[in-house]
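Analysis of the macromolecular model
Single-letter residue listing:
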Amino acid sequence: QAGSSADVRVVLFQGDATVFTAGNDLGDFLNGPKPDENAPPFQFLQALAACSKPIVAAVCGPAVGIGTTMLLHCDLVYAGDNAMFSLPFVNLGFCPEGASSLLLPQLMGHQRACEALLLGDPFMAEAALEVGLVNRVVPPTECNGVAQTQARKLAAKPLSALIETKRLMKKGQAPQVQAVMAEEGASFGRMLREPAAREAFGAFMAKRKPDFSNC
């Protein structure tokens, strides 16, 4: 759930104790209009990156694709010990989004970012804690409560001070983040029309292993 009206002091994202997000629906990619940098998922990520108010997330279970990249734009992230983070973009024949090609290597280091982005290897909550993607790992049944407690602490503070402090922390990189997000969105839309993505989606729907030898 999230708040977005003018009187909201803190934005809070949370799922249930078993799943945060399964990522984008591949059927939408196959059957709907091909997305570009102006598509709703990219606009959502751009809005997160530009949000001036504190953003808190509680993550339990799988956080696939956008469920992980969105966390790079959150300010406080709490994870259940059953959280699993996955960035399967290359495995599906396209590139990352949400400025993750910029922010993930900065956060994790190049080699571990390559495991996550090039190999698409999932990683668990303790690994996310180690590299600083999450603030704390707790039992899944406690995760939403912890995030709500932290959100209430933030909401009790002077909003102008929160907003200015966040602005100062992010201002040096904000233009670069927006530029990378736009470039990723354009590449993402183009690559969805190319043979590798068609093969990956077809294999997924047919429940077979993809063959990228001609892609």
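Our subject is the structure that appears above.
What comes next is a walk through the structure. Computed from a predicted model, the values in this text were never measured in an experiment.

1. Some points on the packing of helix α4 (residues 100–108) against helix α5 (residues 110–117)
Where α4 contacts α5, the axes come no closer than 7 Å and their chain directions differ by 130°. Classified by the angle their axes make, α4 and α5 are oblique. With respect to the hand of their crossing, α4 and α5 are arranged in right-handed fashion. In contact with Ser 100, Ser 101, Leu 104, Pro 105 and Met 108 of α4, α5 contributes His 110, Arg 112, Ala 113, Ala 116 and Leu 117. Grouping the amino acids of the contact of α4 with α5 by side-chain chemistry returns 6 nonpolar, 3 polar and 1 charged.

2. Comments concerning the side chain of Glu 184
Looking at where Glu 184 falls in the secondary structure, it is placed in helix α9 (residues 174–191). Buried Glu 184, no salt bridge; nearest opposite-charge side chain is Arg 190, N-O distance 12 Å. Here Ala 99 takes part through its backbone nitrogen, which lies 2.6 Å from a polar atom of the side chain of Glu 184. At 3.5 Å, the side chain of Glu 184 and the backbone nitrogen of Ser 100 are in polar contact.

3. Things to note about the packing of aromatic side chains
One pass over the full model with this rule turns up 6 aromatic pairs. For the ring pair Phe 94 and Phe 201, a centre distance of 6.0 Å and an interplane angle of 80° mean the geometry is edge-to-face. Of this pair, Phe 94 sits in the loop between β5 (84–86) and α4 while Phe 201 is found in helix α10 (residues 195–206), placing the two residues 107 residues apart along the sequence. The pair Phe 94 / Phe 201 is uniform in exposure class, with both members buried.

4. What to know about the nonpolar core
Core analysis: the largest hydrophobic core is formed by 48 residues, its most contacted members being Val 59, Leu 71, Phe 85, Leu 133 and Val 134. If we ignore the near neighbours within four places in the chain, the residues touching Leu 133 are Thr 68, Leu 71, Leu 72, Val 77, Phe 85, Leu 107, Phe 123 and Ala 128.

5. Regarding the environment of Val 77
Note that Val 77 resides in strand β4 (residues 76–80). Residue Val 77 is classed as buried on the basis of its relative accessible area of 2%. Measuring from C-alpha to C-alpha, the distance between Val 77 and Asn 135 comes to 5.5 Å, with 58 residues separating the pair along the chain. Sequence-distant contacts of Val 77, that is, excluding residues within four places in its chain, are made with Ala 57, Val 59, Leu 71, Leu 133, Val 134, Asn 135 and Arg 136.

6. Overview of the sheet that holds strand β3 (residues 62–64)
Reading across from one edge, β3-β5-β6 is the order of the 3 strands in this open sheet, with mixed pairing throughout. Pairing within the sheet leaves two strands with one partner each, and these edge strands are β3 and β6 (123–124). Relative to β5, β3 runs parallel, the two sharing 3 bridges. From the neighbouring strand, Val 64 faces β5, where its bridge partner is Ser 86.

7. What to know about the sheet that holds strand β2 (residues 55–59)
In sheet architecture, strand pairing relies on hydrogen bonds along the backbone and comes in two forms, parallel and antiparallel. Taken in spatial order, the 4 strands make up an open sheet running β1-β2-β4-β7, and their pairing is parallel. Of all the strands in the sheet, just β1 (11–14) and β7 (136–138) have a single pairing partner and so form its edges. Across the sheet, the axes of successive neighbouring strands diverge by a mean angle of 15°, strand direction being ignored. As paired elements, β2 and β4 share 4 bridges and run parallel to each other.

About the criteria used
Residues numbered from 1 in each chain as written. Predicted model: local features only at pLDDT ≥ 70, side-chain atom pairs only at ≥ 80, totals over all residues. Heavy atoms only, no water. Axes fitted to C-alpha atoms, helices over the stretch in contact; angles between N-to-C directions. Helix = DSSP H or I, 4+ residues; strand = E, 2+ residues; numbered from the N terminus. Parallel < 35°, antiparallel > 145°, perpendicular 65-115°, else oblique. Left-handed = near helix turned anticlockwise from the far one by under 90°. Contact = heavy atoms within 4.5 Å. Nonpolar A, V, L, I, M, F, W, Y, C, P; charged D, E, K, R; others polar. Buried < 20%, exposed > 50% of the residue type's maximum accessible area, 1.4 Å probe, protein only. Lys, Arg positive; Asp, Glu negative; His and termini not counted. Salt bridge = Lys/Arg side-chain N within 4 Å of Asp/Glu carboxyl O. Polar contact = N/O pair within 3.5 Å; in protein donor to acceptor, adjacent residues only side chain to side chain. Phe/Tyr/Trp six-rings, centres within 6.5 Å; stacked < 30°, edge-to-face > 60°. Core = buried A, V, L, I, M, F, W, Y, C linked by side-chain atoms within 4.5 Å. Pairing = 2+ DSSP bridges.

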